Every structure is written in C-alpha cells, then in structure tokens.
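# Structural overview
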Amino acid sequence: MVSRFAPSPTGRMHLGNVFCALLSWLSAKSKGGAWRLRIEDLDPDRSRRDFALQLMDDLQWLGLPWDGEVVWQSQRSDIYEHYLNQLQDAGLTYPCYCTRADIMATQAPHETDGRIVYAGTCRGKTLDEMGKNTPHATRLMVPDEIITFCDGHYGVQEVNLTKHCGDYILRRKDGAWAYQLAVVVDDALMGITEVVRGRDLLLSTPQQLHLFRTLGLQEPTYIHHPLLINENGQRLCKRDKSLDLSVLREKHKTPDEIVGFLAFWAGILPSPTPMKPQDLLPLFKWENVPTDDITACI
Ligand code: GLU
Ligand code: ZN
C-alpha cells in the first residue's frame, strides 16, 4: 500500500492543503502503508522552490513525515516525453494551434460550471502541414464512451470525456507538461495504490483513469475528501491568508492545535482537542469523514 501527497508549490500551504495531507497520511498509515511526497512544480511561472522547501518544513512541523525520496516533477521531463511519444506513436494525439479566444468561441454550450469543453477544432491536423515551429499544444483524442469508477468516499461515478472535457491537453503551448499526464505517469511509476485528495479533483479522475488504461499502467484506487470552505462558502485558496500556515504559525498556534481542528472537522474527534497525527491513527475511519464541505474557522 503506497499513498502520496502531491502539492503544487505555488504559495504557502493553507488549512485545506494540510487537511488533504493529514487525511492521506492517516489513510495510508492506518493501513501500514507508505506515504510519499511529490512536488508538482510543473508550472514554471507559478512554482517556487522556496515554497516547496517551506512546505516540507511545515509537514515536519505538523508531524507528518513522508517516506523515501521527494519526487520533483520539474526533473522528470524525459519520463513524460517517453509516455507522450507512446501516445503519439499510437496515433492518439494531435497538435492544437488554438488560442484561448478560439476555444471560447467554439465552446460547447450548456457548460455552467466554468469548465471548457474543447470542441476538437484541431483534430486531424498534423505537425507537417502547420510547420513544426508554430507553437502548439498537444491534445489526446478521447473516445465517446462512459468511463466508470468507484470513488472510495463519493461512490460510483460515470463520465463521458467527450461531453466532460473533450480532447484534453498533454503538453501546453509553452512546452510545460500538463498536470493530467504527469500525475498519471508519476502515480504509476511511484507505485501509488491509493490516491487521497480534495473532491475538486474528482472531475479530473476520469481523465486520469483513461490515461492509465490507454498507457496500460496500473491504476490506483481514489478516495476524495470534502473541501474546507471559508465563511463565504468558497473553498479555501491562497488568498485566504488567515488560514494560511504562515499566519497560524505566527499566531503561535501549535501543530497539535491545528491537527486537533482538522481531526474534529474530519469526524475523528468530538471536539477540536490538540492531538498528534500519530495518536489519531487508531481513531481514524473514512465512514466518519463527512461528504459535505466543511466551514473552517480556527
Ligand atoms: N498538485 C495538485 C494540487 O495541488 C494535486 C494533485 C493530486 O493530488 O492529484 O492541487
Ligand atoms: Zn485547437
């Protein structure tokens, strides 16, 4: 049993990130599994090494040690290239020359949640006809069929990728690797058997499963957890500074106090009593974790 925590080092961790770390750590360790750390620093504009180092310090401070070497996605370009070539050789990809405006103009209607469904405008285009040097993204052709999986916390999910997202990006126009490709390759090569993460990524799971299945890689089981939300009902983000670990640490909150609140929200403790992650292990049960999002107030 191998699990992982895969943060993007684009800012200081907020309570929502720590909630994810704690739940995946508890889920892994309560089953005697390993818990790996992977730094998802693919976006060159937003990722920073100092945020990654700070994040590691925060995990140690919280009492959430990881197993083995840290994996840095920014160092794995050759590996992603190998798998992209495999998809390219199988004729499953194509270059996309669309601008953001092009995509918005052809966007399929009825999308109310902000997701963009790519209409397949560039399907059939080849590198030769457009010239290899014209900047382009690389997209994966998705089949018009239903992908089914059973999430460990939210149950059976059925998604047709054609309607859900359309042909999705594997490599961006600026050359950066897309999250969807890197996450699948890394989860497979790191031998991850269980993925625990926020339910905002529940919708990415069918895209990832499709890639596991197309590449013939061993897929993990998925357990998504509810999100922490602020008083306005929005999920916590980097802007919610008051729930950021830098502010909480400056306010002299102890790691045990923070862990106590998170454990209370996760249905592990009846009240927010200071605790060490280690001492929560015998109490942790997925059945007690709520499915509705949780208002975080500390
Ligand atoms: N790096 C992603 C994030 O910080 C998480 C990826 C994952 O857990 O699959 O949101
Ligand atoms: Zn296109």
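First things first, this report covers the structure right here in the doc. Bear in mind that the values here come from a model prediction, so they are computed numbers and not experimental data.

Right, let's get into the site of ligand 1. Inspection of the region around ligand 1 gives R4, A6, P7, S8, E40, Y179, V183, R197 and L201 as its neighbouring residues. In the environment of ligand 1, an oxygen atom lies 2.6 Å from a nitrogen or oxygen atom belonging to the side chain of R4. Between ligand 1 and E40, the relevant distance is 2.6 Å, taken from a nitrogen atom to a side-chain nitrogen or oxygen of the residue. Surface burial for ligand 1 is 77%, taken as the share of its 300 Å² of free accessible area covered by protein chains.

Looking at the zinc ion (ligand 2), one finds its protein donor set to be C96 (SG), C98 (SG), Y118 (OH) and C122 (SG), positioned 2.0 to 2.3 Å from the metal centre. Taken in sequence order, the residues that donate to the zinc ion (ligand 2) follow the motif C-x1-C-x19-Y-x3-C. C98 carries the same exposure label as C96, and that label is buried.

This part takes up the environment of S77. Inspection of the secondary structure puts S77 in helix α3 (residues 77–89). Exposure remark for S77: the relative accessible area of 28% places this residue in the partly exposed category. Separated by 35 residues in the primary sequence, S77 and L42 place their C-alpha atoms 9.3 Å from one another.

This part is about the packing of aromatic side chains. On inspection of all chains with the given rule, the structure shows four aromatic pairs. Residues F284 and W286 carry aromatic rings whose centres are separated by 5.4 Å and whose planes lie at 75 degrees to one another, so their mutual orientation is edge-to-face. The class for F284 is buried, based on a relative accessible area of 8%. A cation sits over an aromatic face here: R139 above Y118, 3.5 Å from the ring centre. Sitting above the plane of the W177 ring, R171 keeps its charged end 3.9 Å from the centroid.

What follows covers the pattern of salt bridges. Here the structure, examined in full by the defined rule, presents 20 salt bridges. Residue E219 pairs with R213 through a salt bridge whose shortest N-O separation is 2.9 Å. Looking at R213, the relative accessible area reads 41%, which means it is partly exposed. The shortest N-O distance in the salt bridge between D256 and K276 comes to 2.8 Å. In this pair, D256 is assigned in helix α10 (residues 255–265) and K276 in the loop between α10 and α11 (277–280), connecting sequence segments 20 residues apart. A relative accessible area of 43% means that K276 is categorised as partly exposed. Beyond isolated ion pairs, a larger network of salt bridges with shared partners links R4, R38, E40, R76, D186 and D187.

How each quantity is defined
- Residues numbered from 1 in each chain as written.
- Chains lettered and ligands numbered in written order.
- Predicted model: local features only at pLDDT ≥ 70, side-chain atom pairs only at ≥ 80, totals over all residues.
- Heavy atoms only, no water.
- Near = heavy atom within 4 Å.
- Polar contact = N/O pair within 3.5 Å; in protein donor to acceptor, adjacent residues only side chain to side chain.
- Areas by Shrake-Rupley, 256 points an atom, 1.4 Å probe, with all protein chains shown as cover.
- Donors = N, O, S within 2.8 Å, 3.2 Å for Na, K, Ca; no water.
- Buried < 20%, exposed > 50% of the residue type's maximum accessible area, 1.4 Å probe, protein only.
- Helix = DSSP H or I, 4+ residues; strand = E, 2+ residues; numbered from the N terminus.
- Phe/Tyr/Trp six-rings, centres within 6.5 Å; stacked < 30°, edge-to-face > 60°.
- Lys NZ or Arg CZ within 6 Å of the ring centre and 35° of its normal.
- Salt bridge = Lys/Arg side-chain N within 4 Å of Asp/Glu carboxyl O.

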